[in-house]
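Letter by letter, the chains look like this.
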Amino acid sequence: MKKISLLLFVGLFTLELIAQDVLPSKLVIDIGGALRFNYNYSSWKQNQKQRGGDFGFEVFRLDANVIYENLEIHLDQRFYAENFGGAFLKYGWFQYNMNETSHFKIGLIPTYFGTQQFNSHSWFFQLPFYLGYEDDHDMGVSYDYENKKVRLDVGFYKNAEVLDFADDSPVSGSRYAYDFSGRNKEINQINARFNYKIDNKAKQKLGCSLQYGGIWNIDTKEIGCQKTLGLHYEMDYKRWNVKSQFLTYHHKPKNAIGQSRDLIEMTAYAFPYNTAAKASLYSLGFAYTLPLKKGVLQSIQFYNDYSYMDKAIDTWEDTQMNVLGALFSMKHTYIYIDYASGLHHPWLGSQTTDALTTGDTNNGWESRFNINFGFYY
């Protein structure tokens, strides 16, 4: 894997040099990426608290954007620590532009749903991300249309990222966003998203999203179904930004006898856990950006993101998440300082496997103080 990473880096760097001197002037190649480190202090990790928290490597990223006349290529390759998923492609697609308003994509493309690309302001995202509804990409084809008033995105996704073409292999945990895993796989999914834009004193966006697809079970060889409806609203007014979303979903896996159909496993970053097969999610985020442009520091964005997961089974504990923080923006550096709190949340507490299903009445709110340092080039 190290050899592949080195070859990819050298190849992209060489391609950019060639583009500057030899290739046609209409060809644009932009190579970039990021190097990020993370400090965190978690309330439920007793040994870590005695150490005063931990500081270490998060991710090294390579980005490439190529444009030649009506054709484009976009990719984002990630390199995390091995126990955090290792190396994988976040996204990568070919794009054909019919004109300024209509575009086709094929490859590992955006899974259109909600106020994407992001439904949040913080490094932690919001609860929809942890269930596969924020900043997700899957293998498929899509069409998008946008003018001054409306935007329409329609995509067909054959499946999530496939790293193993064996007939009965489960989905790998080496992935950026959450997908079905364990004994189930996402197949033949259709997404449609519509946005209506209002520009007056405030820039506003009203939208709805639909998702429908199959769930292939490795054991039973049967196809279940998944369906999701979402409504979202986003506003920019002066220095303020507001993002809100409601979504309700119902997954119906055809699990083998003896395996519950009230839950379904999902995975990303080599971190699988069970999720409720039926639930509704509510999220609301506010951000205020203070421009500075004095010296190195260009701006500070203050934000608070809250999300709530209402599980369909009454005896299961609902999940909550809140992130209070600030983003410090410099010329090539971004620093997120977050205080993230969670109740029955797999990433914010000692309960991981069943936090998004049954939960535990004995659990209380847990928190993580997190600082993410990122250098972008």
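Per-chain numbering applies: the sequence of each chain, read as written, is numbered from 1 onward. Reporting of local features is limited, given that this is a predicted model, to residues whose pLDDT is at least 70; pairs of side-chain atoms are given and counted only at 80 or more, and all residues count toward the totals for whole chains, interfaces and linings. Side-chain numbers come from the whole structure's heavy atoms, not from hydrogens or water.

A.B. asks: Hey, could you run me through the overall build of the protein in this one?
C.D. replies: By definition, any uninterrupted DSSP run of H or I lasting at least four residues is a helix, any uninterrupted run of E lasting at least two residues is a strand, and each is numbered from the N terminus. The helix and strand tally for the protein stands at two helices and 19 strands. The globule rule used here is 2.2 Å times the number of residues to the 0.38 power, and the radius of gyration it is set against is calculated over C-alpha atoms. Relative to its length of 377 residues, the protein is compact, with a C-alpha radius of gyration of 21 Å against a globular reference of 21 Å. Each principal axis of the C-alpha distribution contributes one length, and for the protein these read about 65 × 50 × 50 Å. Residue burial is assigned from relative accessible area. The probe radius is 1.4 Å, only protein chains are included, and a residue is buried under 20% of its type maximum, exposed over 50%, and partly exposed in between. When the 377 residues of the protein are sorted by exposure, 51% land in the buried category. Contact criterion: two residues are considered in contact whenever any of their non-hydrogen atoms come within 4.5 Å of each other. Intrachain contacts of the protein at a sequence separation of at least 6 include 60% that bridge at least 24 residues. In the form shown here, the protein has an accessible surface area of approximately 18400 Å², with 61% of it arising from carbon and sulfur atoms. This count recognises Lys and Arg as positive and Asp and Glu as negative, with His and chain-terminal groups excluded. Charged groups are reduced to one reference atom each: NZ for lysine, CZ for arginine, CG for aspartic acid, CD for glutamic acid. Computing the positive centroid from 37 side-chain charges and the negative centroid from 40, the protein places the two 5 Å apart. Per-residue and other accessible areas follow the Shrake-Rupley method at a 1.4 Å probe size, with only the shown protein chains counted as cover for residues.

A.B. asks: Is there a simple way to think about the environment of lysine 105 in this case?
C.D. replies: Secondary-structure assignment places lysine 105 in strand 5 (residues 102–110). Filtering out sequence-adjacent residues up to four positions away, lysine 105 remains in contact with Trp93, Phe94, Gln95, Pro110, Tyr112, Gly140, Val141, Ser142 and Asp144. At 3.0 Å, the side chain of lysine 105 and the side chain of aspartate 144 are in polar contact. Polar contacts, as counted here, are pairs of nitrogen or oxygen atoms within 3.5 Å of one another; within protein the pair requires one atom able to donate a hydrogen and one able to accept it, and residues that are adjacent in sequence qualify only if both atoms are side-chain atoms.

A.B. asks: Honestly, the pairing of strand 12 (residues 240–252) in this entry has me stumped. Any pointers?
C.D. replies: If a strand is regular, its side chains alternate between the two faces of the sheet. Any two strands are treated as partners once DSSP identifies two or more bridges connecting them. Alignment of strand 11 (residues 223–237) against strand 12, held across 13 bridges, turns out to be antiparallel. Looking at strand 12, one finds that threonine 228 is bridged to tyrosine 249. If you look at the hairpin formed by strand 11 and strand 12, you'll find two residues sitting between the two strands, and lysine 238 has a positive phi there, around 55°. Alignment of strand 12 against strand 15 (residues 278–294), held across 11 bridges, turns out to be antiparallel. Paired with valine 242 across the strands is phenylalanine 286, a residue of strand 15.

A.B. asks: I keep staring at the nonpolar core and nothing clicks. Help me out?
C.D. replies: Buried together is how nonpolar side chains tend to be arranged in soluble globular proteins. Residues belong to one nonpolar core when they are buried, are Ala, Val, Leu, Ile, Met, Phe, Trp, Tyr or Cys, and are joined through side-chain atoms within 4.5 Å. Within the largest apolar cluster, 40 residues are counted, with the highest numbers of intra-cluster contacts made by Tyr249 and Met309. Those elements giving two or more residues to this core turn out to be strand 12, strand 13 (263–267), strand 14 (273–276), strand 15, strand 16 (297–311), strand 17 (319–330) and strand 18 (333–343). Ignoring any residue separated from it by four or fewer positions in sequence, one finds methionine 309 in contact with Leu127, Leu131, Tyr249, Ala276, Ala279, Ser280, Leu281, Asp318, Thr319 and Leu356.

A.B. asks: Mind showing me how you'd approach the pattern of salt bridges here?
C.D. replies: Pairing between side chains of opposite charge can happen when the charged atoms of each approach one another. By salt bridge we mean one thing: a side-chain nitrogen of Lys or Arg within 4 Å of a carboxyl oxygen of Asp or Glu. Within the structure shown, the criterion is met by 17 salt bridges. In this structure, glutamate 58 engages arginine 36 in a salt bridge whose closest nitrogen and oxygen atoms are separated by 2.7 Å. Here glutamate 58 is found in strand 2 (residues 54–68), whereas its partner arginine 36 is found in strand 1 (residues 27–42), with 22 residues between them in sequence. For the pair shown, glutamate 58 and arginine 36 are each scored as buried. For lysine 197, the salt bridge is made with glutamate 146, and the minimal N-O distance between the two is 3.0 Å. Of this pair, lysine 197 sits in strand 9 (residues 184–199) while glutamate 146 sits in strand 6 (residues 137–146), and the two are 51 residues apart along the sequence. Its relative accessible area of 30% is what places glutamate 146 among the partly exposed residues.

A.B. asks: Could you clarify how one ought to interpret the side chain of serine 142 in this entry?
C.D. replies: Relative to the assigned elements, serine 142 resides in strand 6. Ignoring anything within four residues of it in the chain, the contact list for serine 142 reads His103, Phe104, Lys105, Ile109, Tyr112, Val154 and Gly155.

A.B. asks: I tried to follow the sheet that holds strand 13 on my own but got confused; where do I start?
C.D. replies: Strand pairs in the sheet, formed through backbone hydrogen bonds, run parallel or antiparallel to each other. Strand order across the open sheet formed by three strands is 8-13-14, with antiparallel pairing between neighbours. Sheet topology places strand 8 (179–180) and strand 14 at the edges, where each strand pairs with a single neighbour. As defined by bridge partners, strand 8 adjoins strand 13 across two bridges and the pair is classed as antiparallel. When the sheet's bridge partners are listed, phenylalanine 180 is paired in strand 13 with methionine 266.

A.B. asks: What is the right way to look at unusual backbone geometry in this model?
C.D. replies: Leaving glycine aside, a negative phi is the common case for residues, and trans is the common case for peptide bonds. A positive phi angle, close to 50°, is found at aspartate 135, a residue other than glycine. Looking at where aspartate 135 falls in the secondary structure, it is placed in the loop between strand 5 and strand 6.

A.B. asks: Would you mind going over the side chain of histidine 74 with me for this structure?
C.D. replies: The residue histidine 74 is located in strand 3 (residues 71–80) in this model. Relative accessible area serves as the criterion here: at 13%, histidine 74 is assigned to the buried category. Separated by 2.6 Å, the side chains of histidine 74 and asparagine 65 make a polar contact.

A.B. asks: I would appreciate a short explanation of a nonpolar patch on the surface in the present structure.
C.D. replies: Put simply, a patch holds well-exposed residues, over 30% relative accessible area, that have no salt bridge, with like charges counted together within 9 Å and Val, Leu, Ile, Met, Phe, Trp or Tyr side chains within 5 Å. Judged by side-chain polarity, Leu35, Phe37, Phe55, Phe57, Phe373, Phe375 and Tyr377 come together as a nonpolar surface patch covering roughly 650 Å² of accessible area. Residue assignment for the nonpolar patch shows that the elements contributing at least two residues are strand 1, strand 2 and strand 19 (366–376). By the element assignment, phenylalanine 375 lies in strand 19. Under the relative-accessibility criterion, phenylalanine 375 is labelled partly exposed at 42%.

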